[in-house]
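Notes for the structure review
These are the residues of each chain, in order.
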Amino acid sequence: MYCYLYRKFERFRLPELLDSAKAGGEFLLRYARVAPPGKKCAFVLTRDGRPVKVQRTIFSECFYTMAMNELWRVTGEAHYQTEAVEMMDQIVHWVREDPSGLGRPQLPGAPASESMAVPMMLLNLVEQLGESDEELVGNYAELGDWCARRILQHVQRDGQAVLENVSEDGEELPGCLGRHQNPGHALEAGWFLLRHAIRKDDPELRAHVVDKFLFLPFRSGWDPDHGGLFYFQDVDGLCPTQLEWAMKLWWPHSEAMIAFLMGYSDSGDPALLHLFYQVAEYTFRQFRDPEYGEWFGYLNRDGRVVLTIKGGPFKGFFHVPRCLAMCEEMLGALLSRLAPVSAPSAGSLTAVPAHQGAE
C-alpha cells in the first residue's frame, strides 16, 4: 500500500515512505515463506520473523504477490517482479491443477465447492500484474477470462442472487453452505469484474456486472432499519450460521464505495452515484473516529462500535487506504470532465458523460 500511494500521489512521494515499503518487502522476502524453497507463506510472523500461523488458502500468497509487484513498479528492481510472477504461477497451480500444497485435506464428507473469493482474488492479480506489463497481459489473458467465468457462475436463482459458494460445475449447493451470501464480497467482485470488462471493452459484460454485482447485492444486503451492509446473509431469509452475520464491518463498505463510484464513472448512471453517496455517508459517520482518526472496524447492527481496536489480524493498512485512494482518483477524473456551459451564468458547470449516450 505504501508503494501504491507513493506511485499514485505526489504528496506521498516521500523517501521515508519508500524506505518503509522496501524494508517491509525485504522482511517478507526473508521470512514470509514457511519452508523455503516452498512457496507457502505464513499468515502471522513474530517480530523477528518466526512463523506463528499458516492459512490453508491462497490469500496470504495473493497479498505477497501484490506487494512484490508494487515494489517492482516503484523501484524498478527486477527481483521483486520475478518473485511476484513466480508466486503467481504457484497460486495458479494450486487453484487449477493441484491444491494439495495448501495443506487442506480433502475430507470425504465435505462437498466439492468453490468459494467466490478464489477466482475474484486471482482476477485481481491478473489485472494488477498486467497493468504495466504488456507481456503479462497476453500471458494471463486466458486466466483472466477463466476467472471471470467462474465468478459469474455465482449468480444463481435465475439471476436474482449472488451466492458465495457453488459447486465446481457452477450449481447451487444444498444447505447453509449453498445459501450463504456475503454482500461485501459480491460488491468487491463486482468492481474486479467491471475493471476486467472495461479493459476488454465489453459493454454487455459491463451492464451485466452492474446489474448483478452492484445493484443486486446492495438491494439484498443493505439493512433497511439501521443502514449499513450486513456482513453475511442467508438467501432464503433463514438465520445465518455465522455469529457475526448482523455486524457491520469496515471492508464491505470500502469495497461498496469503490464499486459504485467505478460503476458511475463508467456508465454515468446517477443511481450508482446516489448509492455511492449513501454508503459513503454511512461509512464516514459510523466507522471514522473523529477524535483520533482512522476507522473502527467492527460495529453492531445498529452501528455502535463493538471493538475499539483500529488494527488486528484482519484489519490492516489496506482496505481503507485503497478505498480512499481509488475514490480520490475517480472523483478527480470525474471533476476533470467538467466543462463550462455557454449559458447565462459564466460560473455554471455541466458534467461530461462518461460514455456517449450516458444521461
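Model, not experiment: these values are computed from the prediction.

Things to note about a nonpolar patch on the surface
Together, Val306, Leu307 and Ile309 make up a nonpolar patch on the protein surface, roughly 230 Å² of accessible area in all. Note on placement: valine 306 falls in strand β11 (residues 305–307).

Thoughts on the pattern of salt bridges
Here the structure, examined in full by the defined rule, presents 29 salt bridges. Residue arginine 13 is joined to glutamate 10 by a salt bridge in which the shortest nitrogen-to-oxygen separation is 3.0 Å. Looking at glutamate 10, the relative accessible area reads 60%, which means it is exposed. Among the salt bridges present, the one from lysine 40 reaches glutamate 61, with a minimum N-O distance of 2.7 Å. One end of the pair, lysine 40, is in the loop between α2 (15–31) and β1 (44–45); the other, glutamate 61, is in helix α3 (residues 59–75), with 21 residues separating them in the sequence. For lysine 40, a relative accessible area of 12% corresponds to the buried category. Accessibility expressed as a relative area gives 0% for glutamate 61, which makes it buried. Taken together, the shared-partner salt bridges connect Asp223, Asp225, Lys248 and Arg301 into one network.

What to know about the packing of aromatic side chains
Within a pair of aromatic rings, the relevant descriptors are the distance that separates the centres and the angle that separates the planes. Tallied over the entire structure, the rule returns 16 aromatic pairs. Ring geometry for tyrosine 2 versus phenylalanine 317: centroids 5.4 Å apart, planes at 70 degrees, classification edge-to-face. Placement of the pair is tyrosine 2 in helix α1 (residues 2–8) and phenylalanine 317 in the loop between β11 and α13 (319–336), with a sequence separation of 315 residues. A residue is classified by how much of its surface remains accessible, and tyrosine 2, at 33% relative accessible area, is partly exposed. For the ring pair phenylalanine 43 and phenylalanine 314, a centre distance of 5.6 Å and an interplane angle of 35 degrees mean the geometry is tilted. A residue pair is termed long-range when its members are at least 10 positions apart, and phenylalanine 43 in the loop between α2 and β1 and phenylalanine 314 in the loop between β11 and α13 qualify at 271 residues. Judged by its relative accessible area of 24%, phenylalanine 43 falls in the partly exposed class. Among the residues examined, phenylalanine 314 registers a relative accessible area of 53% and is labelled exposed. Three or more aromatic residues joined by ring pairs make a cluster, and in this case those are Phe218, Trp222, Phe260, Tyr282, Phe284, Phe287 and Trp295. When the ring centre of phenylalanine 296 is taken as origin, the NZ or CZ atom of lysine 310, which lies over that ring, is 4.9 Å away.

Here we look at the packing of helix α10 (residues 203–221) against helix α12 (residues 270–286)
Two elements in contact, α10 and α12, have axes separated by 12 Å at closest approach and are oriented at 40 degrees. If you check the angle between α10 and α12, you find them oblique. For the crossing formed where α10 meets α12, the hand is left-handed. Together, Val210, Leu214, Phe215 and Phe218 of α10 and Ala271, Leu272, Leu275, Gln278 and Val279 of α12 make up the contact between the two elements.

What counts, and where the lines are drawn
- Residues numbered from 1 in each chain as written.
- Predicted model: local features only at pLDDT ≥ 70, side-chain atom pairs only at ≥ 80, totals over all residues.
- Heavy atoms only, no water.
- Patch = residues over 30% accessible without salt bridge, like charges linked within 9 Å, V, L, I, M, F, W, Y side chains within 5 Å.
- Areas by Shrake-Rupley, 256 points an atom, 1.4 Å probe, with all protein chains shown as cover.
- Salt bridge = Lys/Arg side-chain N within 4 Å of Asp/Glu carboxyl O.
- Helix = DSSP H or I, 4+ residues; strand = E, 2+ residues; numbered from the N terminus.
- Buried < 20%, exposed > 50% of the residue type's maximum accessible area, 1.4 Å probe, protein only.
- Phe/Tyr/Trp six-rings, centres within 6.5 Å; stacked < 30°, edge-to-face > 60°.
- Lys NZ or Arg CZ within 6 Å of the ring centre and 35° of its normal.
- Axes fitted to C-alpha atoms, helices over the stretch in contact; angles between N-to-C directions.
- Parallel < 35°, antiparallel > 145°, perpendicular 65-115°, else oblique.
- Left-handed = near helix turned anticlockwise from the far one by under 90°.
- Contact = heavy atoms within 4.5 Å.

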